[in-house]
Amino acid sequence: MRAAVAALSLTPSSSFKEGTDMRVRCRQLHGGGMLLKGNLCKLDNNHIVNFTTGFLLKVDMVVERRPSSLASSDSILDRLTMQTFWIPYNSIFSDDASDIVSKILCLMNVHFSDHKLNISYKDTKTTTTMLANKDTLISKILNFARSMKDCPSLITKGDYRYMTLDIEKVNYLPNVEFMEIYNKMGHDQLDHKRNTRQRTQRELDSRIASFELQKKVGIKKMRFQASEFKDSNLLDTCSICQDEFLEGTMVSCINQCSHVYHDICILEWFLRNPSCPYCRSKLA
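Only a predicted model underlies this, so the values are computations on that prediction, with no experimental measurement involved. (Residues numbered from 1 in each chain as written. Predicted model: local features only at pLDDT ≥ 70, side-chain atom pairs only at ≥ 80, totals over all residues. Heavy atoms only, no water.)

Concerning the overall build of the protein chain
This is how it is decided: The numbering of helices and of strands both runs from the N terminus, where a helix is a DSSP run of H or I of at least 4 residues and a strand a run of E of at least 2. Three exposure classes are used, based on accessible area relative to the maximum for each residue type with a 1.4 Å probe and protein chains only: buried under 20%, partly exposed in between, and exposed over 50%. Areas reported as accessible are Shrake-Rupley estimates using a 1.4 Å probe. Residue values count occlusion only from the protein chains shown.
Helix and strand counts for the protein chain come out as eight helices and eleven strands. Burial analysis of the protein chain (284 residues in total) assigns 46% to the buried set. When the accessible surface of the protein chain is totalled, it reaches about 14600 Å², and 50% of it is carbon and sulfur.

Focus on the pattern of salt bridges
In plain terms, the rule: Counted as salt bridges are all cases of a side-chain nitrogen of Lys or Arg within 4 Å of a carboxyl oxygen of Asp or Glu.
Here the structure, examined in full by the defined rule, presents 17 salt bridges. Residue Lys 116 pairs with Glu 18 through a salt bridge whose shortest N-O separation is 2.8 Å. A residue pair is termed long-range when its members are at least 10 positions apart, and Lys 116 in the loop between α3 (97-107) and β5 (117-123) and Glu 18 in the segment before β1 (19-30) qualify at 98 residues. Among the residues examined, Glu 18 registers a relative accessible area of 51% and is labelled exposed.

Points about the packing of α3 against helix α6 (residues 189-214)
Definition in use: Here the axes come from fitting lines to C-alpha atoms, over the contacting stretch only for helices, and the angles between their N-to-C directions go from 0 to 180 degrees. Oblique is the label for any angle not under 35 degrees, not over 145, and not in the 65 to 115 range, which are roughly parallel, roughly antiparallel and roughly perpendicular in turn. Contact definition: two residues touch when any of their heavy atoms are within 4.5 Å. All residues other than Ala, Val, Leu, Ile, Met, Phe, Trp, Tyr, Cys, Pro, Asp, Glu, Lys and Arg, Gly among them, are scored as polar; the first ten of these are nonpolar and the last four charged.
Contact pair α3 / α6: the axes reach a minimum separation of 10 Å and the direction vectors enclose 135°. When the axes of α3 and α6 are compared, the pair comes out oblique. Here Lys 103, Cys 106 and Leu 107 of α3 come into contact with α6, specifically with Leu 204, Arg 207, Ile 208 and Phe 211. Its residues placed into classes, the contact of α3 with α6 shows five nonpolar, no polar and two charged.

A short note on the pairing of strand β10 (residues 250-254)
Along any regular strand the residues' side chains alternate between the sheet's two faces. Just so we agree on the cut-off: Whether two strands pair depends on DSSP finding at least two bridges between them.
Most of β10 is tucked away: four of the five residues are buried. By the bridge criterion, five bridges tie strand β9 (residues 219-223) to β10 in an arrangement that is antiparallel. Considered in β10, the bridge of Arg 223 is made with Met 250. Relative to strand β11 (residues 260-261), β10 runs antiparallel, the two sharing two bridges. Across the sheet, residue Cys 253 finds its bridge partner in β11, namely Val 260. A loop of five residues connects β10 with β11, the two strands running antiparallel in sequence, and Ser 258 in this loop sits at a positive phi of about 65°.

Written out as structure tokens, the structure reads:
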């Protein structure tokens, strides 16, 4: 059973692997306007999307398990999802651009806490590069997006330039553990692939719906200034992750209760619970 998104080949250092590989590829494509419109998440509060001034980003994600022995081609599909995002074009070049990319990765449920995570990146202009962490990956994705300066222009009717972000995660399991799981699946692997696609797409659709609901809650962005927060009795620590806000960073303030959080922290929270994490006020 092969993944729908083409894998980026990595040269193994031995015949066995452990940990998790995350392979990321960025490309610029065009076409498929109706498909892009049919599965769209808007990264702002506008109800009207202008395709000639917005940036289209199509994300495909595959997560699978494989045995640690590289001699085996067997795999078990765990996630297979696709989502198109519309981003105001100016936002790609704004100070908040990194937060936008982080938000997209959050909505796609991309985790970076895996044991021995190896991140590789490739685009149409560079060869495969190993990256140190999530922040470096976000920077690479953002730089590629910014290189597509002519992307908002309309080519033909219903035919758009857009960026694709392919993410493939492979979790390597000990051979015995993998084969026990694999053998239990029997001959139902095609059904498993179809059911996995449907299940994980429903999960993603639910996260997108929660995100759309969050936009109606009433959250304003503000820049953290320690002196101003102290005078106004605003919290200087995100009560979700327990980290203090860095001077000058953008934070999200809930209008109803004025409690403040990191943008990504409150997004992940709202995907599970439509209430304020600090005072528990119901917001939607």
